[in-house]
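A look at the structure
If you want the building blocks of each chain, they are given just below.
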Amino acid sequence: MLTKLFIETWGCQMNEYDSQKMADLLAKSHKLQQINDPMQADVLLLNTCSIREKAQEKVFSLLGRWKDLKESRPHVIIGVGGCVASQEGDQIFKRAPFVDFVFGPQTLQHLPLYVNQVLAGVKHQVNIDFLPDEKFDNLPDPRAEGPTCFVTIQEGCSKYCKYCIVPFTRGQEVNRSFNDIIAEIHELAQQGVREVTLLGQNVNAYQGQTPTGEPADLASLIFYVSHIPGIDRIRFTTSHPVEFSDTLVDAYAHVPQLVSHLHLPVQSGSDRTLQAMGRGHTIASYIEKIQDLKKIRPDLTLTSDFIVAYPGETEEDFQETLKLVDLLEFDQSFSFIYSPRPGTLAAGLPCDLTLEEKKNRLNRLQEKLAHFALKTQNNMLNKSFSVLITGPSKMGNTFVGRTENNRVVHVVGAHQKLVGCFVDVLITEVMPNSLKGRFLRLNDPYLEQRSFLNDLNGVVDEQRSEEYKYGVEC
Ligand code: 5AD
Ligand code: SF4
């Protein structure tokens, strides 16, 4: 009998999201309970990523360990999903014949069927079709696991940046229905979600239709979401500088729930390199967009993705990237050494840098990025910020939450009943990967309309008097 499920997830937030849907599907169909120990599991799923690393090797190395598991417990079922599965298809069975099925990111909705087929004796099933519409229509009902949640609004990418494997593994852009997205967020809000992240590979290319039949872009979607009671923070990721429309800039002026924090990948500070990458915009247009946004939201924090040592990138090109970081003072950002991906347009381009030179560029960039991330953090010290409390912290007797600019804060003086609430927190300490702060007050207009507020006020008052009585210091 199958009772326990283990999922190993690599890669982006989209994969994290997909893995949660896989767990939900199998919980519903086979009552499988997700666990953290592969040794105890009856069904093992590997959700793979191929964006940068030598993903294939990593996949077969993990599968080698799972082979031993299957030898000792032959009833175990093994499935491989995600972007490597999409690229490799049935080739996976050649090196790992003990794998039962291979499925792509767009066919995970059929997981219950794959498992049933294995139980019926079917071997080596493969489904790596691109069926995003079908996927959107067949996912289980949304389930909130706390006050924050991701909601897919589109999948795939049609940009074909020359280095990127995503359009080949996840397919072209496909939009989810506007009404379905709004209905899902309503449902999540009913379950206590307060912050929603609109998710996709290229969310600002979103196109849908409002309930009244008007064409809808990301800005109109954000506007509708902001009217859902309880949803008081809206984020989106990932967006592309080319489709960052004026209507989206305008949303920052009119939708206070939209956070003053933007992840907008730029990849390089050199126009020459951007052109070689096929990014379709210049550095001047990127800077102009950010300046427009900062006119509306002077406190906007900006994060980005960077690739160093792209084929043909000279020291001068790289210096342009460093200059851009100095100018825009990017906050916590991601940076990578270019990794050729088989099948992409850049795959065959020659690169005359040694690994040492590539690492040296990455280190110089990362040092600069770390400097500005710390600067942002230090600027937060002794100031008060709105924090959404998400749960108990592992650090002693505190609770944990996030600020609008996505900083994790360990809050002293909060209480279990404040989970899911927006509170003001005074930042008292900057730590390497997080902040520490002191609970100041509940600041959550939405809760004022809800009946448990009196109860909550009691808790808060009690908590604060405890804090004063014992002189709790952060
Ligand atoms: N090599 C290195 N980095 C890459 N990214 C995407 N493809 C590659 C590649 N071939 C990075 C980009 C992108 C992020 C998700 O991953 O910076 O924005
Ligand atoms: Fe890849 Fe470019 Fe699409 Fe981003 S925009 S997913 S980097 S192809």
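Structure first, text after, so check above.
So, a few notes on the structure that sits alongside this text.

1. Re the site of ligand 2
Close contacts around ligand 2 come from C157, K159, Y160, C161, Y163, C164, V166, P167, H240 and R279, and that covers them all. Taken together, the residues that form the shell around ligand 2 break down as 7 nonpolar, 1 polar and 2 charged.

2. Describing helix 13 (residues 315–328)
For helix 13, with 14 residues, the first-to-last C-alpha span of 20 Å sits near the 20 Å given by 1.5 Å per residue. On the buried face of helix 13, the contacting elements are helix 11 (271–277), helix 12 (283–296), strand 15 (301–303), strand 16 (305–308) and helix 14 (355–380). Where helix 13 ends, the next residue or the one after it, E329, has phi of about 50 degrees, a positive value.

3. Considering the site of ligand 1
Around ligand 1, the neighbouring residues are I51, R52, Y163, Q267, D305, I307, F336, I337, Y338, S339 and R341. Within the backbone of Y163, an N or O atom sits 3.0 Å from a nitrogen atom of ligand 1. Contact between ligand 1 and D305: an oxygen atom at 2.7 Å from a side-chain N or O atom of the residue. Considered on its own, ligand 1 offers 400 Å² of accessible surface; in the complex 88% of this is hidden by protein. Of all the secondary structure elements, the ones that give two or more residues to the shell around ligand 1 are strand 16 and strand 17 (334–337). Classifying every residue of the shell around ligand 1 gives 6 nonpolar, 2 polar and 3 charged.

4. Quick word on helix 1 (residues 13–30)
Taking 1.5 Å as the rise per residue, helix 1 with 18 residues should run 26 Å; its terminal C-alpha atoms sit 25 Å apart, in good agreement. For helix 1, the full list of buried residues reads M14, N15, Y17, D18, S19, K21, M22, A23, D24, L25, L26 and H30. Looking one or two residues past helix 1, K31 carries a phi angle of roughly 55 degrees, positive in sign.

5. So, the layout of surface pockets
One number sums up the size of the second largest pocket: a volume of about 420 Å³. Taken together, 20 residues line the second largest pocket, and the ones lying closest to its centre are D299, L300, T301, T376 and N405. Counting residues per element, the lining of the second largest pocket draws most heavily on helix 14, at 5 residues. In terms of residue class, the lining of the second largest pocket is made up of 7 nonpolar, 6 polar and 7 charged.

6. What about the pairing of strand 10 (residues 195–199)?
Among the 5 residues in strand 10, 5 count as buried, and that is most of the element. Residues E195, T197 and L199 line one face of strand 10 and the alternating positions V196 and L198 line the opposite face, and both faces are buried. Pairing geometry for strand 7 (residues 148–152) and strand 10, over 5 bridges, is parallel. Counterpart to F150 in the pairing with strand 10 is T197.

7. So, empty space enclosed by the protein
Across all of its chains, the model carries 1 cavity of 30 Å³ or more by this definition. Of the pockets and cavities examined, the largest cavity occupies roughly 60 Å³. In this structure, the largest cavity is lined by Y17, Q20, K21, P142, R143, C149, F150, E184 and L188. Looking at the lining of the largest cavity, the elements that each hand over two or more residues are helix 1, strand 7 and helix 8 (178–190).

8. Topic: the environment of E53
Note that E53 resides in the loop between strand 3 (43–48) and helix 2 (55–72). Filtering out sequence-adjacent residues up to four positions away, E53 remains in contact with K58 and R341.

9. Remarks on the pairing of strand 17
Sheet topology note: the strand 16/strand 17 ladder contains 4 bridges and is parallel. Within strand 17, the residue paired with V308 across the bridge is I337. Each parallel crossover has a hand, and for strand 16 linked through helix 13 to strand 17 it is right-handed.

10. Overview of the packing of helix 8 against helix 9 (residues 218–226)
One can describe the packing of helix 8 onto helix 9 by two numbers: an axis separation of 10 Å at closest approach and a directional angle of 30 degrees. By the angle between their directions, the pair helix 8 and helix 9 is classed as roughly parallel. The hand of the helix 8/helix 9 crossing is right-handed. Listed contacts from helix 9 to F178, I181, I182 and I185 of helix 8 are S220, L221, Y224 and V225.

11. Re the sheet that holds strand 1 (residues 4–9)
Taken in spatial order, the 6 strands of this open sheet run 2-1-3-4-5-6, and their pairing is parallel. The open sheet terminates on both sides in strands that have one partner only, identified here as strand 2 (33–34) and strand 6 (125–127). Relative to strand 5 (residues 101–103), strand 4 (residues 77–81) runs parallel, the two sharing 2 bridges. Among the inter-strand pairings, G79 is bridged to a residue of strand 5, identified as F101. Contacting strand 1, strand 2, strand 3 and strand 5, helix 1 runs over the sheet at an angle of about 170 degrees to strand 1. Each of strand 1, strand 3 and strand 4 is contacted by helix 2, which is oriented at about 180 degrees to strand 3, the strand it contacts most.

12. Describing unusual backbone geometry
Geometrically, the link from T237 to T238 is a cis peptide bond, its omega value of 0 degrees lying close to zero. By secondary structure assignment, the location of T238 is in the loop between strand 13 (233–237) and helix 10 (246–254). Phi is positive for K31, which is not a glycine, with a value near 55 degrees. Mapped onto the fold, K31 is located in the loop between helix 1 and strand 2. A relative accessible area of 67% places K31 in the exposed class. A positive phi angle is found at Y160, which is not glycine, with a value near 50 degrees. Along the chain, Y160 falls in the loop between strand 8 (154–155) and helix 7 (166–169).

The rules behind these values
Residues numbered from 1 in each chain as written. Chains lettered and ligands numbered in written order. Predicted model: local features only at pLDDT ≥ 70, side-chain atom pairs only at ≥ 80, totals over all residues. Heavy atoms only, no water. Near = heavy atom within 4 Å. Nonpolar A, V, L, I, M, F, W, Y, C, P; charged D, E, K, R; others polar. Helix = DSSP H or I, 4+ residues; strand = E, 2+ residues; numbered from the N terminus. Expected span 1.5 Å × (residues − 1). Contact = heavy atoms within 4.5 Å. Polar contact = N/O pair within 3.5 Å; in protein donor to acceptor, adjacent residues only side chain to side chain. Areas by Shrake-Rupley, 256 points an atom, 1.4 Å probe, with all protein chains shown as cover. Buried < 20%, exposed > 50% of the residue type's maximum accessible area, 1.4 Å probe, protein only. 1 Å grid on protein atoms, 1.4 Å probe; cavity = no way out; pocket = protein on both sides within 12 Å on 5 of 7 lines; lining within 4 Å. Points joined across faces, edges and corners; volume = space filled by probe spheres on them. Pairing = 2+ DSSP bridges. Right-handed = clockwise from strand over helix to strand, strands pointing away. Axes fitted to C-alpha atoms, helices over the stretch in contact; angles between N-to-C directions. Parallel < 35°, antiparallel > 145°, perpendicular 65-115°, else oblique. Left-handed = near helix turned anticlockwise from the far one by under 90°.

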